Amino acid sequence: MTSLIKVSPSILAADFLNLGEDLDRVSNAEMIHVDVMDGHFVPNLSFGTPLVAAVKQRTRALVDVHMMVTNPDETVDWYIDSGADLISVHYEAARDLHGIINHLHSRGVLAGVVINPDTPVSVLADVIDDVDLVLVMSVYPGFGGQHFIEETYSRLRELVALCDEHDAYPMIEVDGGVSLSNARELGACGANVLVAGSAVFNAHEPSMIVRELRDLAAIGLNGRKG
Ligand code: DX5
Ligand code: ZN
């Protein structure tokens, strides 16, 4: 049986000098998470388009681009052209979120919206019917290896309720401080795409962590249904 849970290892925590090998080590993951940071929307600088294109060449997984930039309206095409399969833009940064979502769809790319930990879930009411994915940040974006914010659980439950109200079922992704210790509870609260950087790439066998994260979240999800 294929799991309803997907895992998206964040290459921010990979070994950049051996990125190809690190990607091969997580070949059982459904997605690869690429954090684009502009040094302005977040206080850090990371990857741009050449890296997205390189990742696309090396993996069969969906290339999941998380844009932490001030001007997604102007730059989203760069990442589409580089081979992204899914692009998530921050609610806090987008000027015309509906315009971006429509544009992504018109170019055959999945569209996601991201909310920071201090952005109310209720702002999503307006876009929930149109997006393929909602990314709930469980840390303030900018850096890997941060501590998971516990309020994320209740925010996920609130999001699931909002989805039910709208009869809309986007994927629900969570990003920041995800590990084997919270994966089960995240599944129970409705998350079905787990981003994990340090938990995966700091491990001796990254593919085992990918599998365990997926299995734990699936147990949580099944418990919720039961
Ligand atoms: C944070 C990034 C995350 C980060 C997660 O701004 O969006 O994707 O890589 O790293 P971990 O899993 O180490 O918290
Ligand atoms: Zn991210």
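Up top you'll find the structure we're talking about.
Residues numbered from 1 in each chain as written. Chains lettered and ligands numbered in written order. Predicted model: local features only at pLDDT ≥ 70, side-chain atom pairs only at ≥ 80, totals over all residues. Heavy atoms only, no water.

**Quick look at the nonpolar core**
- Ranked by internal contacts, the top residues of the largest apolar core, which has 67 residues, are Ile11, Val65, Ile87 and Leu159.
- Apart from the residues lying within four places of it in its own chain, the contact partners of leucine 159 are Val121, Leu124, Ile128, Val134, Val136 and Ile172.
- Counting residues in each nonpolar core, the second largest holds nine residues, with Leu86, Val114, Leu133 and Val193 among its members. (Core = buried A, V, L, I, M, F, W, Y, C linked by side-chain atoms within 4.5 Å. Buried < 20%, exposed > 50% of the residue type's maximum accessible area, 1.4 Å probe, protein only. Contact = heavy atoms within 4.5 Å.)

**A word on the site of ligand 1**
- In the vicinity of ligand 1 there are 20 residues, among which Ser10, Gly142, Asp175, Gly197 and Ser198 approach most closely.
- The separation between an oxygen atom of ligand 1 and a polar main-chain atom of glycine 177 is 2.8 Å.
- If ligand 1 stood free it would expose 390 Å²; the protein chains cover 99% of that surface.
- Elements that contribute at least two residues to the shell around ligand 1 include exactly strand E2 (31-37), strand E3 (62-68) and strand E8 (193-196).
- In terms of residues, the shell around ligand 1 owes the most to one element, E2, which gives three residues.
- Class assignment of the residues belonging to the shell around ligand 1 gives a composition of eight nonpolar, ten polar and two charged. (Near = heavy atom within 4 Å. Polar contact = N/O pair within 3.5 Å; in protein donor to acceptor, adjacent residues only side chain to side chain. Areas by Shrake-Rupley, 256 points an atom, 1.4 Å probe, with all protein chains shown as cover. Helix = DSSP H or I, 4+ residues; strand = E, 2+ residues; numbered from the N terminus. Nonpolar A, V, L, I, M, F, W, Y, C, P; charged D, E, K, R; others polar.)

**Notes on the sheet that holds strand E7 (residues 171-175)**
- What the eight strands build is an open sheet, ordered E1-E8-E7-E6-E5-E4-E3-E2; its pairing is parallel. Two strands bound the open sheet, and with one partner strand each, they are strand E1 (6-9) and E2. Pairs of neighbouring strands in the sheet enclose a mean axial angle of 25°, with direction left out of account.
- Pairing geometry for E7 and E8, over three bridges, is parallel. Residue aspartate 175 lies in a different strand from E8, and its bridge partner there is valine 195.
- Along the sheet, helix H5 (residues 152-166) contacts strand E5 (110-115), strand E6 (133-137) and E7; its crossing angle with E6, the most-contacted strand, is approximately 160°. (Pairing = 2+ DSSP bridges. Axes fitted to C-alpha atoms, helices over the stretch in contact; angles between N-to-C directions.)

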